[in-house]
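Overview (structure and organization)
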Amino acid sequence: MTICALIVAAGRGTRAGGDLPKQWQRVAGRSVLAHTIAAFRAHPAVDTIALVLHPDDLDKAAPFREAGIAVAAGGSDRAASVRAGLALLPERGKVLIHDAARCCVPRQVISEVIAALEHHAAAAPGLPVTDALWQGSAQRVTGTQDREGLFAAQTPQGFDLPVIRAAHAAYDGPAADDVAVARAAGIVVAITPGDADNMKITTPGDFARAARILEGRMDIRTGNGFDVHAFGPGDHVTLCGLRIPHDQGLVGHSDADVGMHTVTDAIYGALAMGDIGQHFPPSDPQWKGAASEVFLRHAAGLAAQAGFAITHVDCTLICEQPKIGPHAPEMRRVMAGLLGLEVERVSVKATTSERLGFTGRGEGIACMATATLVKS
Ligand SMILES: Nc1ccn([C@@H]2O[C@H](COP(=O)(O)OP(=O)(O)OP(=O)(O)O)[C@@H](O)[C@H]2O)c(=O)n1
Ligand SMILES: C[C@](O)(CO)[C@H](O)COP(=O)(O)O
């Protein structure tokens, strides 16, 4: 069964305030939206992610698209945004429709919805109301409300894709959520366990609460990598994915991209999952001449499978020649694209070794790198 996550992020967050709509504000080191996407990327059962952005935010869509996330422009209310997102998804399968603003969604909440979809066409998390409920007006209690059978509605709300598409097609006007749309079409919706941590950032005080939840769960890892390749005959070197004309080449089993190998090893290091030689043995002929992006993608894939988001990479090339500075911006862009990161999170810099040692004598290029991975 194909499971798609549809994240709606096209609201303006007027109640939350701030200089930017709430999904773009930073909490615990990343944007609210980045946390939300990471939660679904890290879930092993989720196959694809689609995202709905406000039309004014489409200039921010490129890094998501480069990371394989389809992006649509949202509508004037949540239901319209959901409809725009549904149009991106395959005809069949299941969809988990989720608010970008629920950036602390626990893995278990997602898993329970997915499990319920094996037996139901629609399922959504609800948190039983435990506080007493009042009616009030002008700061006075004017009545009480029985809490029996009341739930606070959460997302992700899960559906059979054809079922929710038909329900939205038949629905007119705004809706609080997709459960309301489904119920209007007569669909029975199962309630799965919600979680108090699955709060929606709605008002300014919610940012601090989300930060406390996310920081309390965070597993932050750093890994380092180091690699050396010797110069040999050739007319170019490949560094951090760029082919750079040079009067020598680099010797190696693959394309000898010492920069990308080092970043790859830094990611494996942060995961404590061995090194590049273990995953891609030089004795294996299939990697002869391989483009090193294969290795970097593999390491990034392992990080995602283990529930980690790569949040930063810093790579230092050590050589006298070629000069790296003019190429560094493009190297950053290439590696950021492969890792699904904003370019601001990828650093490529260089140093000489003051003509000392093997790099100083121009016998080869060395590289060191650090990668930071975060699981929240
Ligand atoms: N036209 C809209 C309105 C809302 N949403 C999304 O629906 C989710 C839940 O909505 P809400 O918390 O109400 O967000 P906003 O509409 O942004 O907030 P506000 O009502 O305070 O402006 C959010 O992730 C929001 O981005 C959307 O995609 N398109
Ligand atoms: C979908 C939802 O998150 C369920 O709780 C909610 O209805 C959307 O936000 P709003 O605050 O009701 O606009």
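How each quantity is defined
- Residues numbered from 1 in each chain as written.
- Chains lettered and ligands numbered in written order.
- Predicted model: local features only at pLDDT ≥ 70, side-chain atom pairs only at ≥ 80, totals over all residues.
- Heavy atoms only, no water.
- UniProt positions renumbered as here; feature names shortened; annotations may be inferred.
- Helix = DSSP H or I, 4+ residues; strand = E, 2+ residues; numbered from the N terminus.
- Contact = heavy atoms within 4.5 Å.
- Areas by Shrake-Rupley, 256 points an atom, 1.4 Å probe, with all protein chains shown as cover.
- Near = heavy atom within 4 Å.
- Polar contact = N/O pair within 3.5 Å; in protein donor to acceptor, adjacent residues only side chain to side chain.
- Nonpolar A, V, L, I, M, F, W, Y, C, P; charged D, E, K, R; others polar.
- Buried < 20%, exposed > 50% of the residue type's maximum accessible area, 1.4 Å probe, protein only.
- Pairing = 2+ DSSP bridges.
- Right-handed = clockwise from strand over helix to strand, strands pointing away.
- Patch = residues over 30% accessible without salt bridge, like charges linked within 9 Å, V, L, I, M, F, W, Y side chains within 5 Å.
- Salt bridge = Lys/Arg side-chain N within 4 Å of Asp/Glu carboxyl O.
- Axes fitted to C-alpha atoms, helices over the stretch in contact; angles between N-to-C directions.
- Phe/Tyr/Trp six-rings, centres within 6.5 Å; stacked < 30°, edge-to-face > 60°.
- Lys NZ or Arg CZ within 6 Å of the ring centre and 35° of its normal.

As named in an unreviewed UniProt entry, the chain is Bifunctional enzyme IspD/IspF, taken from Sulfitobacter porphyrae. One UniProt comment on the chain, placed under Cofactor (unreviewed entry), says "a divalent metal cation".

**With respect to the overall build of the chain**
Looking only at helices and strands, one finds twelve helices and 19 strands in the chain. Overall, the chain is about 85 × 45 × 35 Å in size when its C-alpha atoms are taken along their principal axes. Counting contacts in the chain only where the partners sit at least 6 residues apart, residues at least 24 apart contribute 70% of the total. Accessible surface, the chain: about 17300 Å² in total, of which carbon and sulfur atoms supply 53%.

**Some remarks on the site of ligand 1**
Looking at ligand 1, there are 18 residues lining it, with Gly-13, Thr-14, Lys-22, Ser-81 and Lys-200 nearest. Here an oxygen atom of ligand 1 and a side-chain polar atom of Lys-200 are 2.8 Å apart. Those elements that provide at least two residues to the shell around ligand 1 are β1 (3-9) and α3 (78-86). Partitioning the shell around ligand 1 into residue classes produces five nonpolar, six polar and seven charged.

**Regarding the site of ligand 2**
Lining the immediate environment of ligand 2, one finds Arg-15, Arg-78, Asp-99, Arg-102, Ala-153, Thr-155, Ala-176, Asp-177 and Lys-200. The side chain of Arg-102 places a nitrogen or oxygen atom 2.7 Å from an oxygen atom of ligand 2. Lys-200 places a side-chain nitrogen or oxygen 2.8 Å from an oxygen atom of ligand 2. Burial of ligand 2 by the protein chains amounts to 71% of its free accessible area of 350 Å². For the shell around ligand 2, the per-class residue count stands at two nonpolar, one polar and six charged.

**Re the pairing of strand β17 (residues 309-318)**
Of all the ten residues making up β17, eight are buried; the element is thus mostly covered by neighbouring parts of the structure. With nine bridges connecting them, β17 and strand β19 (residues 364-375) associate as antiparallel partners. If you follow Asp-314 over to β19, its bridge partner there is Thr-370. In terms of strand pairing, β17 meets strand β18 (residues 346-351) through six bridges, oriented parallel. Considered in β18, the bridge of Val-313 is made with Val-346. The β-α-β motif built from β17, the intervening helix α11 (residues 328-339) and the parallel element β18 has right-handed crossover chirality.

**What to know about a nonpolar patch on the surface**
Residues Phe-226, Val-228, Phe-358 and Met-368 make up a contiguous nonpolar surface patch of about 360 Å² in total accessible area. Mapped onto the elements of the fold, Phe-358 is located in helix α12 (residues 357-360). For Phe-358, a relative accessible area of 32% translates into the label partly exposed.

**Focus: the sheet that holds β17**
Judged by pairing direction, the sheet is mixed, and its five strands sit side by side in the order β16-β13-β19-β17-β18 without closing on themselves. On the outer flanks of this sheet lie β16 (249-250) and β18, each paired with one strand and no other. Across the face of the sheet, α11 comes into contact with β17 and β18 while running at roughly 140 degrees to β18.

**Things to note about the packing of aromatic side chains**
Going through the model one piece at a time under the given rule, you end up with four aromatic pairs. Here Phe-280 and Trp-287 contribute two aromatic rings whose centre-to-centre distance is 4.7 Å and whose plane-to-plane angle is 85 degrees, an arrangement assigned as edge-to-face. Note on accessibility: Phe-280 and Trp-287 belong to one class, buried. For the ring pair Trp-287 and Phe-295, a centre distance of 6.3 Å and an interplane angle of 80 degrees mean the geometry is edge-to-face. Of the two residues, Trp-287 and Phe-295, both sit in the buried class. Cluster of aromatic residues (ring-pair linked, three or more members): Phe-280, Trp-287 and Phe-295. For Lys-60, the ring lying beneath its charged end belongs to Trp-24, and the centroid distance is 4.8 Å.

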